[in-house]
Amino acid sequence: MTENSPVVGIVMGSDSDWPVMREAAEALREFDVPFEADVVSAHRMPHEMIAYGSEAAGRGLKAIIAGAGGAAHLPGPGQRGGPGHRFARREDPADHHGRGGRPRKPV
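These numbers were taken from a predicted model, which means no experiment stands behind them.

## A few points about the confidence of the model for the chain
Thinking step 1. Here the chain averages 75 in pLDDT, and 63% of its residues register 70 or above.
Thinking step 2. The model gives residues 95-107 a pLDDT under 50, and that stretch makes 24 contacts with residues more than four places away or in other chains.

## Digging into the side chain of Ser 14
Thinking step 1. Residue placement: Ser 14 occurs in the loop between strand S1 (8-12) and helix H1 (18-30).
Thinking step 2. Using a relative accessible area of 18% as the deciding quantity, one classes Ser 14 as buried.
Thinking step 3. A distance of 2.7 Å separates the side chain of Ser 14 from the side chain of Ser 16, its partner in a polar contact.
Thinking step 4. In this structure, Ser 14 is in contact with Val 39 and Arg 44, ignoring residues within four places of it in sequence.

## Section: the environment of Met 21
Thinking step 1. By secondary structure assignment, the location of Met 21 is in helix H1.
Thinking step 2. Met 21 gets classed as buried once you look at its relative accessible area, which sits at 2%.
Thinking step 3. For the pair Met 21 and Ile 65, spaced 44 residues apart in the sequence, the C-alpha separation amounts to 8.6 Å.

## A word on helix H2 (residues 46-56)
Quick reminder: α-helices carry 3.6 residues per turn. Residues three or four places apart thus point the same way.
Thinking step 1. When we look at burial in H2, the residues that qualify are Met 49, Tyr 52, Gly 53 and Ala 56. Buried residues of H2, viewed axially, fall in a sector of 90°; they line one side.
Thinking step 2. Of the surrounding elements, those touching the buried residues of H2 are S1, strand S2 (35-39) and strand S3 (63-68).

So, how was this worked out
- Residues numbered from 1 in each chain as written.
- Predicted model: local features only at pLDDT ≥ 70, side-chain atom pairs only at ≥ 80, totals over all residues.
- Heavy atoms only, no water.
- pLDDT = per-residue confidence, 0-100.
- Contact = heavy atoms within 4.5 Å.
- Helix = DSSP H or I, 4+ residues; strand = E, 2+ residues; numbered from the N terminus.
- Buried < 20%, exposed > 50% of the residue type's maximum accessible area, 1.4 Å probe, protein only.
- Polar contact = N/O pair within 3.5 Å; in protein donor to acceptor, adjacent residues only side chain to side chain.
- Arc of directions from axis to C-beta.

Rendered as structure tokens:
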């Protein structure tokens, strides 16, 4: 693992979730925290989603931030076996229309 290896993973159900999840990326950049961001759909990529969570700690991730649009399927199973720190939110579709949302209670 190098000095710039990601220590936080940002995952979302689809690329349409990026406008909301980008705020997490911007906060991590502000504090110089290396991160990776990826789309891992619980519906279209269930095996990849589980692999992402179970392989995260082995790749050096210390935390996962997961967001899913109108469904909450990604945050739970997608982090199974992952690092100890997990932050998840079910996005409100209204967030994509200028109202902006704040993360809900971490799981």
